[in-house]
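Chain by chain, the residues run as shown.
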Amino acid sequence: MGATPLRSPRLSHHVIRLDDGHHVGVTVGGQGIPLVFLHGIGLNGSVYTRFLSRLSTHGFRVIAIDAVAHGRTAPLRGSDFRSGVALLVRTLDRLGVRQAVVVGHSMGGRATIELAAGQPDRVLTAVLLDAAAGDAFDASAKRALESLPALATGLCGALYDTGVDWWRCRNWRDRRLYGLSLAAALARWGGRPHLLAAAINSVANSAPTGELLRRVRGHGVPVIVVHAENDILVPFRNAVTMAEYAGGSLHKVPHAYHSWMIADPQRGADTLGRLMNTELDQVLRREPRAPAHGNATTASAGFLAPGALAAVLGLVAGPG
């Protein structure tokens, strides 16, 4: 975990097949401690490529996994949110990832909470990036399913949030890349809007996150909550309750909105890199799988199974 190199590793995109034939999209790259990334609703791992590539330079083997019916991952018939997390666990098994830092943005943050509550031994540290969680968010999500005005208000907030993120990009080149990546992800839903509606419904009807976060705390899983100060989709007060329930640390990102790490990938990578370089070092000192005197690359061997597919796929990705 050293200084950021000038050039970021190139990430590679793959579709893997699970034992039952289910196809799952994954994006991998970098060397070091395994870092599993879970994206937001309606998006996929490719949208975060610039952010994840930069994040990998902080000493992480990045493994982004597309959620059910998102990106290159096939749908599950009649699935709920818990089924999606179960598919995530099977994907980790297929990749040979025994334990990892798990970073989740928005819906991915909610999945991270459920994973840490049900499979605590798989989660080295849970990092919640503007997670779609918290008492107030849970209540508003359920109201949106029951009330058209509440749903319309939520959608307008999400559109405004996205527009401000776009405008706050550093330059017009970044705005163009941000807009193109979002447009490409959302265009995938053109012929299957029912699957996006099902994903929204599964989030709204999933288990209350307050109880799950208390379970995470009981399991002793370290939690880092990173949340934008001006997030409209998931207001900052939700981050406060998440950190309280989980007994985790809370970090406010000033003057930022919900998808700030996509709009400004360098800021996102540097912010998380600094936080995790400090907090993860403390976790590794307690972790029996990590070598007592190893760097991030040697330590990663303890968190991956021998001959792990995640490591093999990572060899495909070359330098940037």
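Fair warning: this is a prediction, and the values are worked out from it, not measured in the lab.

1. Structural notes on the overall build of the chain
- Looking only at helices and strands, the chain has 13 helices and eight strands in total.
- By residue count, 54% of the 320 residues in the chain fall in the buried class.
- Summarising the internal contacts of the chain: among those between residues at least 6 apart in sequence, 78% fall at separations of at least 24.
- Of the roughly 13800 Å² that the chain leaves accessible, carbon and sulfur atoms contribute 57%.

2. A word on a nonpolar patch on the surface
- Judged by side-chain polarity, Ile41, Leu145 and Ile200 come together as a nonpolar surface patch covering roughly 220 Å² of accessible area.
- Looking at the element boundaries, isoleucine 200 is found in helix α7 (residues 193–204).

3. Quick notes on the packing of helix α4 (residues 135–146) against α7
- At a minimum axis distance of 9 Å, the contact between α4 and α7 shows a crossing angle of 135°. The angle between α4 and α7 places the two elements in the oblique class. Along this stretch, α4 crosses α7, giving a crossing that reads as left-handed. Facing Phe137, Ala141, Lys142 and Leu145 of α4, the residues of α7 in contact are Asn201, Val203 and Ala204.
- Considered class by class, the residues forming the contact of α4 with α7 number five nonpolar, one polar and one charged.

4. Digging into the packing of aromatic side chains
- For the structure on display, the rule yields two aromatic pairs.
- Judged by centre distance (6.0 Å) and plane angle (70°), the ring pair of phenylalanine 37 and phenylalanine 51 falls under edge-to-face. In this pair, phenylalanine 37 is assigned in strand β3 (residues 33–38) and phenylalanine 51 in helix α1 (residues 49–56), connecting sequence segments 14 residues apart. For the pair phenylalanine 37 and phenylalanine 51, one class covers both residues: buried.
- Put simply, the rings of Phe37, Tyr48 and Phe51 pair up and form one aromatic cluster.
- If you follow arginine 175 out to its NZ or CZ, it ends over the ring of tryptophan 172, 4.5 Å from the centre.
- The ring of phenylalanine 236 has lysine 252 sitting right over it, with the charged end atom 5.0 Å from the ring centre.

5. Topic: the pairing of strand β5 (residues 100–105)
- Buried residues dominate β5, accounting for six of its six residues.
- Here β3 pairs with β5 via four bridges, running parallel. By the bridge assignment for β5, valine 36 is matched with valine 102.
- With six bridges connecting them, β5 and strand β6 (residues 123–129) associate as parallel partners. In the strand pairing of β6, valine 102 is matched with alanine 126.
- Handedness of the crossover joining β5 and β6 through helix α3 (residues 107–118) is recorded here as right-handed.

6. Details of the environment of threonine 112
- You can see threonine 112 is positioned in helix α3.
- Taking the C-alpha atoms as reference points, threonine 112 and leucine 88, separated by 24 residues in sequence, lie 10.0 Å from one another.
- Residues in contact with threonine 112, not counting those within four places in the same chain, are Leu38, Val102, Val103, Gly104, Ala126 and Leu128.
- Reaching out from threonine 112, the side chain makes a polar contact with the backbone oxygen of glycine 108 at a distance of 2.8 Å.

7. Focus: the pattern of salt bridges
- On inspection of all chains with the given rule, the structure shows nine salt bridges.
- We note a salt bridge from aspartate 66 to arginine 72, for which the minimum N-O separation is 3.7 Å.
- Looking at aspartate 66, the relative accessible area reads 3%, which means it is buried.
- With a relative accessible area of 22%, arginine 72 lands in the partly exposed category.

8. With respect to the sheet that holds β6
- Strand order in this open sheet of eight strands is β1-β2-β4-β3-β5-β6-β7-β8, and the pairing throughout is mixed. Each end of this open sheet is capped by a strand with a single partner; those strands are β1 (12–17) and β8 (249–253). Each adjacent strand pair in this sheet contributes to an overall mean axis angle of 20°, direction not counted.
- Direction of pairing for strand β7 (residues 223–228) relative to β8: parallel, over a ladder of five bridges. Each residue of the ladder has a partner; that of alanine 228, found in β8, is valine 253.
- Of the strands in this sheet, β6, β7 and β8 touch helix α9 (residues 236–246), which is tilted by about 175° from β7.

9. A few points about the side chain of aspartate 138
- If you trace the backbone, aspartate 138 turns up in helix α4.
- Within polar-contact distance, the side chain of aspartate 138 engages the side chain of arginine 110 at 2.8 Å.
- For aspartate 138, the contacting residues outside a window of four places in its chain are Arg110, Ala133, Pro208, Thr209 and Gly210.

Procedures and definitions
- Residues numbered from 1 in each chain as written.
- Predicted model: local features only at pLDDT ≥ 70, side-chain atom pairs only at ≥ 80, totals over all residues.
- Heavy atoms only, no water.
- Helix = DSSP H or I, 4+ residues; strand = E, 2+ residues; numbered from the N terminus.
- Buried < 20%, exposed > 50% of the residue type's maximum accessible area, 1.4 Å probe, protein only.
- Contact = heavy atoms within 4.5 Å.
- Areas by Shrake-Rupley, 256 points an atom, 1.4 Å probe, with all protein chains shown as cover.
- Patch = residues over 30% accessible without salt bridge, like charges linked within 9 Å, V, L, I, M, F, W, Y side chains within 5 Å.
- Salt bridge = Lys/Arg side-chain N within 4 Å of Asp/Glu carboxyl O.
- Axes fitted to C-alpha atoms, helices over the stretch in contact; angles between N-to-C directions.
- Parallel < 35°, antiparallel > 145°, perpendicular 65-115°, else oblique.
- Left-handed = near helix turned anticlockwise from the far one by under 90°.
- Nonpolar A, V, L, I, M, F, W, Y, C, P; charged D, E, K, R; others polar.
- Phe/Tyr/Trp six-rings, centres within 6.5 Å; stacked < 30°, edge-to-face > 60°.
- Lys NZ or Arg CZ within 6 Å of the ring centre and 35° of its normal.
- Pairing = 2+ DSSP bridges.
- Right-handed = clockwise from strand over helix to strand, strands pointing away.
- Polar contact = N/O pair within 3.5 Å; in protein donor to acceptor, adjacent residues only side chain to side chain.

On their own, these measurements won't tell you what the molecule is for.
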